[in-house]
Each structure stands twice: as C-alpha cells, then as structure tokens.
Amino acid sequence: MTAAVRLRDVAGHLPGPPVPASFFTEYPQAQDELRNSPMFKVPSLRHHVTDGETNVDLVEEAIASLVDRWGRDEIRAVDVLLMHSQLPEIPFVGAAGEVAQRLGLRPSWVIDVANAGCASFVHMLQLARQILVTTEARRALICNAQTMAGQLFTQSRVRGLAQAAIPGDGCGVAYLTTGASGSRVLGLRAHHLAAYAGQMRLEREDGRRYWEAGDGQPRVGFSMDGVAAVLERGNRLVPAVVRDVCQEVGATGADIDVLITNQPNRTFLRTWREALGLPAERHPDTFDRYGNLFGAAMPITLDHAAATGQVPDGALVVLGGFAHAGDYAGAVAIRWEGRG
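Structural notes, computed from the coordinates. (Residues numbered from 1 in each chain as written. Predicted model: local features only at pLDDT ≥ 70, side-chain atom pairs only at ≥ 80, totals over all residues. Heavy atoms only, no water.)

### Describing the nonpolar core
By size, the foremost hydrophobic cluster in this structure holds 36 residues, and its most contacted members are Ile 142, Leu 176, Leu 302, Val 317 and Leu 319. Sort the elements by how many residues they give to this core and helix α5 (residues 120-134) lands first, with 7 residues. Setting aside residues up to four positions removed in sequence, Leu 176 forms contacts with Val 5, Arg 6, Leu 7, Arg 8, Leu 125, Leu 132, Arg 138, Arg 139, Ala 140 and Ile 142. Judged by nonpolar contacts, the second largest core, of 30 residues, contains Ile 166, Val 245, Ile 256 and Trp 272. (Core = buried A, V, L, I, M, F, W, Y, C linked by side-chain atoms within 4.5 Å. Buried < 20%, exposed > 50% of the residue type's maximum accessible area, 1.4 Å probe, protein only. Helix = DSSP H or I, 4+ residues; strand = E, 2+ residues; numbered from the N terminus. Contact = heavy atoms within 4.5 Å.)

Printed below as a string of structure tokens:
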C-alpha cells in the first residue's frame, strides 16, 4: 500500500516593514503605457528585502516558526530539501545547499527547482510526494523564497515602470511527512505547456544580455500584446487545472472549502473564483497586503489563512496557480487537519 503523504505545517516570513504604494506611484519617473493595464493595478502594501538580505536569510526566518512548533531535532531530521529561489544570488548555484548548511540539515535529497515559477509550490509538492512514496525518505521541507521586489524592481530606471509596484518579497516553507497524522495530499495535477516556454524574459533597455557589462538595468520584458496573452491564458489555465484535480479526488469546484492561489493581481483573483463559483471568503487574498509574492504566495497565503481562522479542520483545500507566461499550471487537493 502506498504511504500517505501529509502536509504537517506551513510557515511564512515577510522581511522589513510594509512599503506603501506611494514608494512607486509618486516616483518622478512613474509613467508607463502599461500603467492602466489590469495586470498592473497597484497593491496597497508589499515588503522588501534589505540590502544584502538573501534567500537563505528569508528561509531561516520562516523555518524558525517550524522549529518553534516542532523542535529543532524534528526539522533537522528531514530527508528531502526542495528550494525555489525566484532570484538566485549566484546564477549557477541555487540556495538549497546553503540552507542545509545554515540549519544543520543532512538530507539525502537536496534539490534546487528552477522551473514552475509562481506555481513552484505545487511543483515541489509533486516532487516531494514522489520521493517520499518511492524511497526510504519520510520527511521533506519545501522552501519558496522571493527577493526580486527589493532588488530588481527598486532600481532607478525600473522603479517608475508599472511592473515595479506589483511584487513583494517573502518566503514560505512547508513540512511534509508520511504517516497517519496531518493534512493528507489527496491528489495533484500538473500541466506543462511547452508552447509558452521562454516567453517571459529578463531584458535591458539597450538589448544586452543580463550578464554582459554595461549600465543598463534588467527588467521583465512586458509588452501590451504580451500582457493581453498572459491575462487570457492565466484566466483559463488555473480554473482548468483546479477542476482537473477536483475531478481526480471526486469533487467539484463547488466542493472547495478554501482555494489558495498565487497572487498576481486582483483581476486574476476575481476571475478565478468567479469561474469556479466560489465566494471571496473561500478564496483567501493577500495581494493588497503583500503584493505578488511569486512562488512564495501559496505557502504564505495558506499560513496567513490558517492563522486567521479561515481554514477549518476537515476543509477541502485546493492550491492552484500558473507560472510565467503560461508554461506551467498545477493544482493540489488537501484534506486540512490543522497544523500537526
């Protein structure tokens, strides 16, 4: 019999004090043809990393909450460590190894996950589940760190662009085990859509590649046509993959008690819950509080919803989202049994 994989706990960390929208909207160069796009409606607040604050620093702060609840020995016994960094400090080395070193972990599996972006939490849940049910590993840590907001989007020639005011920084982590206790992972669906791969790009205004010397500042390459395409795909992909995982576990969209998605903008959030027939109170929303947290949004939003009483025991919780320009969409269904 295949071992059941359980989500035992989630935790989040937001760096520094909240940064108001005026930090961007009142910037002298805050003019951009995309400013009025629904993709870039400005959240009220977000958090930024400080100068020198790293992905590993954020992970350490987030995992401190797990250590408080579970004890250091329990967390140090993890067999699997999965890490997604939205902006790696070093282009060819991820942060997972340094996380293990910093926290005194000795896992058998240490993997930096580069793909699945804003939906990488679901992707790593899938990887963790596969490892836990097919090997002798029994405990896994999943870490999502996002540090782009306070570094890339505050640059002097990027800060005035519409895209700059949307992201926030933060880290979300999750602890999974096999066994009889905890919130059972009921089903998971993932769609890899290679036709859209590579359409989300980092660019400079002078056309140089990001590693080439010069004074240009990197930013995400958005155009009006590209934004329209991403809006159309995102509106369609997330409800579709959520319905797929519901069907896998014998449920419908209406059976979802709590929907946790990535948090890109208000338009996507409203469209997704309307497409699934869910009221706003069953779709926790942290966009105006934290901005777009990319891959960290799902664990942070789930942690916030659980801490504020929005996730009752026994709830069918579905986490779903899409990545980049639509090259990945994934959803996971969980029967929530609280933390523990």
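Text resumes after the structure shown.
### So, the sheet that holds strand β13 (residues 328-335)
As summarised here, the arrangement of the 9 strands in space is β5-β4-β6-β7-β1-β8-β13-β12-β11, forming an open sheet in which the pairing is mixed. The strands lining the two open edges of the sheet, one partner per strand, are β5 (109-112) and β11 (258-261). In this sheet, adjacent strand axes meet at a mean angle of 20 degrees when their direction is disregarded. Running over the sheet, α5 touches β1 (5-13), β4 (80-85), β5, β6 (139-146), β7 (170-178), β8 (183-192), β12 (316-323) and β13 and is turned about 165 degrees from β6. (Pairing = 2+ DSSP bridges. Axes fitted to C-alpha atoms, helices over the stretch in contact; angles between N-to-C directions.)

### Concerning the pairing of β5
Within a regular strand, side chains alternate between the sheet's two faces. Where β4 and β5 come together, 4 bridges link them in parallel fashion. From the neighbouring strand, Leu 81 faces β5, where its bridge partner is Val 110. In the classification by handedness, the crossover that spans β4, the intervening helix α4 (residues 96-103) and the parallel β5 is right-handed. (Right-handed = clockwise from strand over helix to strand, strands pointing away.)

### A look at the packing of helix α6 (residues 224-248) against helix α7 (residues 266-275)
It is the contact of α6 with α7, at a shortest axis distance of 9 Å, that shows an interaxial angle of 40 degrees. Taken together, the axes of α6 and α7 lie oblique to each other. For the pair α6 and α7, the sense of crossing is right-handed. Residue-level inspection shows Val 230, Leu 231, Gly 234, Asn 235, Val 238, Pro 239 and Arg 243 of α6 in contact with α7, the latter providing Phe 268, Thr 271, Trp 272 and Ala 275. Taken together, the residues of the contact of α6 with α7 sort by class into 7 nonpolar, 3 polar and 1 charged. (Parallel < 35°, antiparallel > 145°, perpendicular 65-115°, else oblique. Left-handed = near helix turned anticlockwise from the far one by under 90°. Nonpolar A, V, L, I, M, F, W, Y, C, P; charged D, E, K, R; others polar.)

### Quick word on the pattern of salt bridges
In total, this model carries 13 salt bridges according to the counting rule given. The partner of Arg 102 in a salt bridge is Glu 60, with the nearest N and O atoms 2.8 Å apart. With Arg 102 in helix α4 and Glu 60 in helix α2 (residues 55-70), this residue pair connects regions lying 42 residues apart in the sequence. With a relative accessible area of 33%, Arg 102 lands in the partly exposed category. Between Arg 266 and Asp 288 there is a salt bridge whose closest N-O contact spans 2.8 Å. Highlighted residues: Arg 266 in helix α7 and Asp 288 in helix α8 (residues 287-290), separated in sequence by 22 residues. Because the salt bridges share partners, they merge into one network encompassing Asp 9, Arg 69, Asp 303 and Arg 339. (Salt bridge = Lys/Arg side-chain N within 4 Å of Asp/Glu carboxyl O.)

### Focus: the side chain of Thr 178
Residue position: Thr 178 is located in strand β7. For Thr 178, a relative accessible area of 16% translates into the label buried. Discounting chain neighbours no more than four positions away, the residues touching Thr 178 are Ala 3, Ala 4, Val 5, Leu 132 and Arg 138.

### Focus on the environment of Thr 267
With respect to the helices and strands, Thr 267 occurs in helix α7. Measuring from C-alpha to C-alpha, the distance between Thr 267 and Thr 25 comes to 19 Å, with 242 residues separating the pair along the chain.

### Considering the packing of aromatic side chains
Overall, the coordinates contain 7 aromatic pairs when judged by the stated rule. On the numbers, 5.1 Å between centres and 75 degrees between planes, the contact of Phe 40 with Phe 222 is edge-to-face. Of this pair, Phe 40 sits in the loop between α1 (22-25) and β3 (45-47) while Phe 222 is found in the loop between β10 (219-220) and α6, placing the two residues 182 residues apart along the sequence. Three or more aromatic residues joined by ring pairs make a cluster, and in this case those are Phe 268, Trp 272 and Phe 322. The ring of Phe 23 is capped by Arg 159, whose NZ or CZ atom sits 3.7 Å from the centre of that ring. Positioned above the aromatic ring of Tyr 196 is the side chain of Arg 233, whose terminal nitrogen or guanidinium carbon lies 3.9 Å from the ring centre. (Phe/Tyr/Trp six-rings, centres within 6.5 Å; stacked < 30°, edge-to-face > 60°. Lys NZ or Arg CZ within 6 Å of the ring centre and 35° of its normal.)

### Things to note about unusual backbone geometry
Positioned with a positive phi, Ala 116 is a non-glycine residue whose angle comes to about 80 degrees. Assignment of secondary structure puts Ala 116 in the loop between β5 and α5. One non-glycine residue, His 324, lies in the positive phi region at around 55 degrees. Its place among the elements puts His 324 in the loop between β12 and β13.

### Topic: α7
Residues Thr 267, Phe 268, Leu 269, Trp 272 and Arg 273 constitute the buried set of α7. One side-chain oxygen of the residue at the start of α7 lies 3.1 Å from the amide nitrogen of Thr 267, identifying that residue as Asn 265. In the stretch just after α7, Gly 277 is the one whose phi turns positive, near 70 degrees. (Polar contact = N/O pair within 3.5 Å; in protein donor to acceptor, adjacent residues only side chain to side chain.)

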